[in-house]
Every structure is written in C-alpha cells, then in structure tokens.
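Structural characterization, general
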Amino acid sequence: MCNEEQTTSAPLASHLEFPSLLDTLPDAVIFLDATATIQYANARAATMVAAKQHELPGTTLWQCAPQLVTTTLYQAVLTATRMRQPLQVEYHSPVTQTWLHVRLSPTSQGVAAFFSEDTEPTRLQNTLRQSERRYQDLLERISDGVGILTPEGLVLEINQPPLTHAQVRREEVVGKPLTQTPWWSYAPATQEQLRAAIAQASRGETVRFEARICPPAGRFLELTVAITPQFDANQQVESLIFIGRDITERKQAEDALHVLVDTIPQFVWIGRTDGYVEYHNQQWCNYTTMTSTQAEGNEWIQCLHPDDRQRTLDAWQTSVHAGTSYEMKYRLRNGTTGAYRWFLTRGMPHKDAQGMILHWVGTCTDISDRKHIEETLCQNQEQAHALLGSNMIGIFLAEGDEVVEANDTFLRMTGYSREDLHRRSMNWVGMTPPEYNTLTQQAHQELALHQYMMPYEKEYERKDGSRLPIVVCAVILQRNPLQIINFVLDNSAHRELEQRKDTFLSMANHELRTPLTALKLQIQLARARLFRQGLHEEAAALSRTEAPVKLLERLIGELLNGSKIQAGRLEYVQEPVDLRALLDEVAQTMQQISTTHTIVVRGSAPRTFMGDQDQLEHVFINLISNAIKYSPDATMVEVDISTAKEKTVTISVRDHGIGIPQEQREKIFERFYRAPDVSRRAIPGLGMGLYIVAEIVKQHRGTIMVECEMGKGSTFHVTLPLERQT
C-alpha cells in the first residue's frame, strides 16, 4: 500500500521531546511538509492507515493513506499550508465509512494533522453531514465514472460504478496516479493519451477525448472522457474533475454500421450538427487514398476539382445553416490515377422527435458514365437531326414490315412521297426482290441476336418497278413494340464501277493472253533453234526469259479468275482427287522453279476426296509460292497433311520467314490486298492470289486460316471436308 522508501531521519521528529507521548495519544497524528510528504506519524496513524509506523515517513499522504484521502481533506491541507493558519474540517471516509474530524496546525516545515473519529456530531455537523451524504449518494447514483484528481493526476475520490466494472477496491485506486490504475495501464499509448490530457487540463483547459480502456475483467470499454479543471480563489487549478462515460454499445453499433457502410459500393459520409464531417466509409477512402481522419472537417474538399470546391462548400454551408437537404454534382479526384470523375452527393439531416438535428448522413454516387451518356445523347440528338437532314444517307424507321418514318433522302431514292409514307403504303419487305430474301433473313437473324446488323449489299424495288442497288444496315431502337432504324446508302455508282472494272479486267485478260501465248511460243522455238545450232549459252540465256513470262502468265490468270469469281462464273469440276499425289506433283513443280528452298511434304490423305483438281492445284501452288517469296532468308518450306477422325483433312503450308502482323491477318484474303513486306524487299504480285485461294477453298466447303509469329514465319491451314461434294 505504501512505498518502502524510508528517510534516514525525520527532521521534525528529531526535535520532538516526547515522541512516546505522541504515540499514546488517541488521535492519529501526522506531520506533513509543504508537499504533503509525511515527516512523522504516530502509532495511532499507522494503525488507521493499516501500515507499519516506520514505513510512513518519506511517503506522501495521498499515496499511503487511501482510507483518509478525500477532496475535502486535500483542499483543507492545501489551504492550511498556503494560508499558514489553523483549520478544522469534518468529512466522511468512503473507504472506512466513518466520519473523521481533522485539525490542521501549521508548522515550520508544513502542517500537522490530527485525525479523530467523530461519533457525537453537533446539530450543525448533522446538517453538514446530511449535505455531504446527499452529495456522495448523488455521486454514487451517477452511472458515469466520476473522479476527482489532483492537478498531477492523483485520484482523490472516485464513485462506485468504475470500481465495480474493474472489480477493484476504492483503497486500491485512491491516492494513485490515474494513469497507473487498471483501466489505463494496459497499454502505453492509452496511458500517454490520458497523461497528455491531464497535463492539458492542469493548465486550465477543459479536455474531451475518446479512448479504449481495459479493466482487469478483460472486456474492453469505449469511453468518452471529459476532464474539467477546478480553480481556487486565486484562479489556480486546485483539482480536476474526471468524467468517463461508457459508450461501448454506441461504438459497437457504430462499428457494425461502419462495417455495413463499408460494404456498399456507394461513398458514405457522416457529419455533425455543425457540418463538421467526421466519417467517410472505406469505399471513399479507397478511391481518394485519404483516410477518414485526414478528411475530417472540410479537408475532404481538397479531393474536389479546383473549379468545383468553392461552390460545393458554399452549398454545403448553406444547407447546414438552414437544416435542409443538400445535393451537388462535382468532380472527385481518384487518388491513385489522378483522374477526375463526376459524382452526385446528397446529404440529409437526421432529426430527433423534436426536430433537432442529431447528425448528417450523405452519399456520393459516381455519375460519370451517366453524365457521359447524357452528353453523348445530347450530341447524338444533334447528330441525328443532322443525319436525318442528310442528302447522302436514306434513313427509315420500321415497325414490323412497315416503314413508319423516313427522311427525304430515302423517299427520293425509292420514288415514294411523304403522302405514301403517311398512308402506310411503304413496306420494306415488299420492296425486297425475291432473290435477296435469304440474305435479308440472315441479316435480320444477326439483328435479333446482337441488336444491330452489319452492312450488306442488296437491292430495293422502287415505286416505278426499277431496281436500286443499296448497302443497308440497321439497329434495334426498342423491342416492345419492335422498332428498327435502317440506314440505306445508294450503291449504284459503286455497282457500276465494279461492273466496269470487271469488264475491263475480263477484256484485258483476253487481250493479253493472245500476244503472251505467241511470245511464249516464239521463245520456245528460238531456244530450240539455238540449241540445234550448238549455241548452248545463247539458248540458256534465252531460257531465262521463260520465268518472267510464266509469272506474267500466272498474274493474268489470277486477274481472269478474279473476274470470274466476282461474276460467279468460275467453274468447278467434281472428280476424285488424290491429295497426296497432287501435293507431291505441286511440290516437284515448284522445286524445279525454286533453287533456294527445299519443299518437304509429310503425311497422307484419303484418295477419294471429291473436288476440282485444277483449282486445288492452283491453291497449293499459290500457298507454296508465297511461302518461298516471304521467307527469302530461309531454306525450307514444309507441307503437312493430317486428318481428323476421317471427317476432314488439313493441309498446312509452313514457312520460316518474316510473318504477318496481327492487324493485317484479316485483310490478306481481300481482293488486291498485299501485306506490306517488313523487310522492304520488292516482292511481285497483284494481291489477288490469297483472295482466289480463299474463294476456291470456300467453294469446296472448306476453311483457310493463318497462324503467324513475327520474325519466325507463317502457317496457312486449309481444312477440307471428306464427305462427298454435292
């Protein structure tokens, strides 16, 4: 209970002539110095505080005598010491439950205190006792923890509720620093928080804070603490009143609410009645990378776009002062990326039954996408008006088969009038020629699946019965009732240009083939004549002209085949084809032409494949030729044959060349398209070869695809069905 520290001599006691006489007194006698440190205590005093007499000198009265300590005694000792005047007080000890009468007499070093139990109170004393009893009863009925401290933080008095929670006796706490009591000593950070608050209060400031304490029972308690200084007549801090309110249930409810709030996708914030924002949920913190503490007060405004800050703050303060709901749109910065997004924030005051605002609760909702959609819709409306007024694109709205709305361009294209439109006499299905029914049905299946259809070519019959070549695409506006907006482009000029081009190519093919055949024959005759005359070098030199002639012949053949494909006149013969023999023959022919690459054929294929042998030969000659051209630094072209469960056969032509970039792989099968040569070498060709190859494979109900790795080569896979062609 008391410190073991002892003084080697008690200065006051050494001057006493009759110490044994003091020990025989019925009263407890304690001599204190100016700091309330015990200089001497008689035997009765030691018995009263339940200590050994020699242990008391050198210790403070407040720490060694919890049975005696109260605020009344503390104030009386301070007054007698400062004023240097005798003083008497009577008070009730909450530890011993007895009334004590104390006489205080100043000494040269401090004050002498004479304690006696008061069992025969006077009438005036009875009145005082009743008043103090009511004070103590009132103190005990308070559910909050209440204590009175010295300015240094020693406990002078404390009511029963916190003692019950901690399961400690009053004498275990009174006279000790509050920071060393069981509530506050469990963690250094908690002790330091309280120590700083006591120091601040001892300077005359009222301090409020929240803390978590841990009584010995092991159950954490959340407290809101207020420490209020009490002043004497000289405005010096005489004592501190400590009030701790248990807010554990409220904190648990708040924590549960915070956990719930942290799980919702919206940003949530809570403000006090004065508009001080004290909480943001985790979603807000994750987005802004600010903690809820960092954003307290008006610091959250720093996350807003500079142009939005002042108007947002003004609107918030106006709502707080008026007690009305708050709504604003502003841009909020993403703390990770630095980008701003638009948010809609709403705040509502939460009021009690009397209409007093308890706090503010608000949400922030990301509306960037919606705002972008609104802006886009606004732009689209402007564009739609411009589009409807366009004299280039025909636009009509269809409900079912009927045209219910159309722009002037579409009416002019089809020869109908606006009166025809109003009479509902326009039917787009009836305007479609029968040969386009299948194509149109496929397009509308795509529309139903994806809500849009890709552009495709067809024809409409005009009101006068003439045909109009068009390109049409459509988008579903709504499904109930079904409304489809169609975009129609007059394709007459393009169709006429295509026909002229095909006619030109067909004529050019025929005009070029005749002189080319004559040139080829003359070269062969001249070479044979030179050889017979023994002019072998001249014959060899002339034979080198055959390769360019063959190339020219192949290019002309591609032009002719391309024209036939466009016109749908390329003929196919169904006959049994030995694919392995065909590939061996093609490889042998190409090997004679190419001296730089070795052509290797591997695998086997069924001998009963039905197809056009000449057209298939053209496919593989083209693929092997391309493999040689586009792998100039390689030495091998590989051809592999494989079958899949006797249902399909796949021929793969692999080179080890430059490869084809990803963005060009979808275009290489288009007419007249040539993949750029990344090595900048001049490679001859018209860009027709793969277009013709793809069409021939398609006519054989097969597929062609390409796999590439830049710098390592390309592989073309031709897959053909083994079922009998029909």
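Details of the structure are given in the entry above.
Our subject in this report is the structure included herewith. (Residues numbered from 1 in each chain as written. Predicted model: local features only at pLDDT ≥ 70, side-chain atom pairs only at ≥ 80, totals over all residues. Heavy atoms only, no water.)

Some details on the environment of isoleucine 668
Following the sequence through the fold, isoleucine 668 ends up in the loop between strand S25 (648–654) and helix H21 (689–699). Residue isoleucine 668 is classed as buried on the basis of its relative accessible area, which comes to 3%. As for isoleucine 668 and leucine 690, which are separated by 22 residues in sequence, their C-alpha atoms are 6.8 Å apart. (Helix = DSSP H or I, 4+ residues; strand = E, 2+ residues; numbered from the N terminus. Buried < 20%, exposed > 50% of the residue type's maximum accessible area, 1.4 Å probe, protein only.)

Notes on the pairing of S25
Judged by how many residues are buried, S25 sits mostly within the fold: five of seven residues are covered. With seven bridges connecting them, strand S24 (residues 636–644) and S25 associate as antiparallel partners. Opposite aspartate 640, over in S25, you have serine 652 as the bridge partner. Of the pairings in the sheet, the one linking S25 to strand S27 (residues 713–721) comprises seven bridges and is antiparallel in character. From the neighbouring strand, arginine 654 faces S27, where its bridge partner is threonine 715. (Pairing = 2+ DSSP bridges.)

Structural notes on the sheet that holds strand S10 (residues 237–246)
The antiparallel open sheet is built from five strands, whose spatial order is S7-S6-S10-S9-S8. Taken across any chain shown, the strands that pair with only one partner, and hence form the sheet edges, are strand S7 (155–158) and strand S8 (207–213). Averaged over all neighbouring strand pairs, the angle between strand axes comes to 25 degrees, with direction disregarded. Against the sheet, helix H5 (residues 71–83) makes contact with strand S6 (145–149), S7 and S10, and its axis sits at roughly 150 degrees relative to S7, the strand it touches most. Of the strands in this sheet, S6, S8, strand S9 (221–231) and S10 touch helix H8 (residues 188–202), which is tilted by about 160 degrees from S8. (Axes fitted to C-alpha atoms, helices over the stretch in contact; angles between N-to-C directions. Contact = heavy atoms within 4.5 Å.)

Notes on helix H15 (residues 437–450)
For H15, built from 14 residues, the straight-helix expectation of 20 Å at 1.5 Å per residue is met to within 8% by its first-to-last C-alpha distance of 20 Å. For H15, the complete set of buried residues consists of Thr440, Ala443 and Leu447. Along the axis of H15, the buried positions cluster into a sector of 65 degrees, meaning they face one direction only. What points out from H15, more than 90 degrees from its buried face, is the exposed set Thr438, Gln441 and Leu449. (Expected span 1.5 Å × (residues − 1). Arc of directions from axis to C-beta.)

Points about the pattern of salt bridges
Applying the stated criterion to the full structure yields 25 salt bridges. With a shortest N-O distance of 3.2 Å, arginine 311 and aspartate 308 are connected by a salt bridge. Taken as a pair, arginine 311 and aspartate 308 lie in helix H11 (residues 306–322) at a separation of three residues, close to a single helical turn. On the basis of relative accessible area, aspartate 308 is assigned to the buried category, the value being 2%. Among the ionic pairs, arginine 341 bridges to aspartate 369, the shortest N-O distance being 3.3 Å. Of this pair, arginine 341 sits in strand S14 (residues 340–351) while aspartate 369 is found in helix H12 (residues 368–388), placing the two residues 28 residues apart along the sequence. Exposure remark for arginine 341: the relative accessible area of 28% places this residue in the partly exposed category. (Salt bridge = Lys/Arg side-chain N within 4 Å of Asp/Glu carboxyl O.)

Some details on helix H20 (residues 613–629)
In this model, H20 (17 residues) spans 24 Å end to end at C-alpha, consistent with the 24 Å of a helix rising 1.5 Å per residue. H20 sits mainly inside the fold: 12 of its 17 residues count as buried. Of all the positions in H20, only Gln615, Leu616, His618, Val619, Phe620, Asn622, Leu623, Ile624, Ser625, Asn626, Ala627 and Ile628 are classed as buried. A distance of 3.1 Å separates the backbone nitrogen of aspartate 614 from a side-chain oxygen at the start of H20, and that oxygen is part of aspartate 612. (Polar contact = N/O pair within 3.5 Å; in protein donor to acceptor, adjacent residues only side chain to side chain.)

Considering the packing of H20 against H21
Across the interface, H20 lies against H21 with an axial gap of 9 Å and an inter-helix angle of 140 degrees. Classified by the interaxial angle, the pair formed by H20 and H21 is oblique. Relative to H21, H20 is oriented so that their crossing is left-handed. Residues Gln615, His618, Val619, Asn622, Leu623 and Asn626 of H20 form the contact with H21, whose participating residues are Gly689, Leu690, Ile692, Val693, Ile696 and Val697. Classifying every residue of the contact of H20 with H21 gives seven nonpolar, five polar and no charged. (Parallel < 35°, antiparallel > 145°, perpendicular 65-115°, else oblique. Left-handed = near helix turned anticlockwise from the far one by under 90°. Nonpolar A, V, L, I, M, F, W, Y, C, P; charged D, E, K, R; others polar.)

Quick notes on the packing of aromatic side chains
In this description, an aromatic ring pair is defined by two values, namely the gap between the centres and the angle between the planes. Taken as a whole, this structure holds 13 aromatic pairs when the rule is applied. With 6.1 Å between their ring centres and 55 degrees between their planes, phenylalanine 31 and tyrosine 40 make a pair best called tilted. Ring centres 5.2 Å apart and planes at 85 degrees place the aromatic pair tryptophan 269 and tryptophan 316 in the edge-to-face group. Taken as a pair, tryptophan 269 in strand S11 (residues 267–271) and tryptophan 316 in helix H11 lie far apart in primary sequence, 47 residues in all. Its relative accessible area of 6% is what places tryptophan 269 among the buried residues. Members of the aromatic cluster, each reached through a chain of ring pairs, are Trp269, Trp316, Tyr326 and Trp360. Residue placement shows arginine 272 over the ring face of tyrosine 276; its charged tip is 4.0 Å from the ring centre. (Phe/Tyr/Trp six-rings, centres within 6.5 Å; stacked < 30°, edge-to-face > 60°. Lys NZ or Arg CZ within 6 Å of the ring centre and 35° of its normal.)

Focus on the nonpolar core
Within soluble globular proteins, side chains that are nonpolar tend to cluster in buried spots. Grouped together as the largest cluster of nonpolar side chains are 41 residues, with contacts concentrated most on Leu579, Phe620, Leu623, Ile704 and Phe716. Elements supplying a minimum of two residues to this core: helix H19 (579–593), strand S22 (598–602), H20, S24, S25, H21, strand S26 (703–709) and S27. With sequence-adjacent residues up to four places away left out, leucine 579 is seen in contact with Ala605, Pro606, Phe609, Leu616, Val649 and Ile651. Among the nonpolar cores identified, the runner-up in size contains 36 residues, and Ala51, Leu73, Ala80 and Leu100 belong to it. (Core = buried A, V, L, I, M, F, W, Y, C linked by side-chain atoms within 4.5 Å.)

A closer look at the pairing of S24
Strand direction decides the pairing type here: S22 and S24, joined by five bridges, are parallel. Directly across from valine 601, in S24, lies its bridge partner valine 639. The antiparallel pairing of S24 with S25 creates a hairpin that spans three residues between the two strands, and lysine 645 there sits at a positive phi of about 55 degrees.

What to know about the side chain of threonine 59
Position of threonine 59 relative to the elements: it lies in the loop between helix H3 (43–48) and helix H4 (61–64). On the basis of relative accessible area, threonine 59 is assigned to the buried category, the value being 1%. A distance of 2.6 Å separates the side chain of threonine 59 from the backbone oxygen of leucine 56, its partner in a polar contact.

Examining the sheet that holds S14
With antiparallel pairing, five strands are arranged side by side in an open sheet as S12-S11-S15-S14-S13. Because the sheet does not close on itself, it has two edges, and the strands there are strand S12 (277–280) and strand S13 (326–333). On average, each strand axis in the sheet is tilted by 25 degrees relative to the strand beside it, whichever way the strands run. Looking at chain direction, S14 and strand S15 (residues 357–366) are connected through nine bridges and run antiparallel. Paired with threonine 345 across the strands is cysteine 364, a residue of S15. The strands touched by H11 are S11, S12, S13, S14 and S15; relative to S13, the strand with the most contacts, the crossing angle is about 155 degrees.

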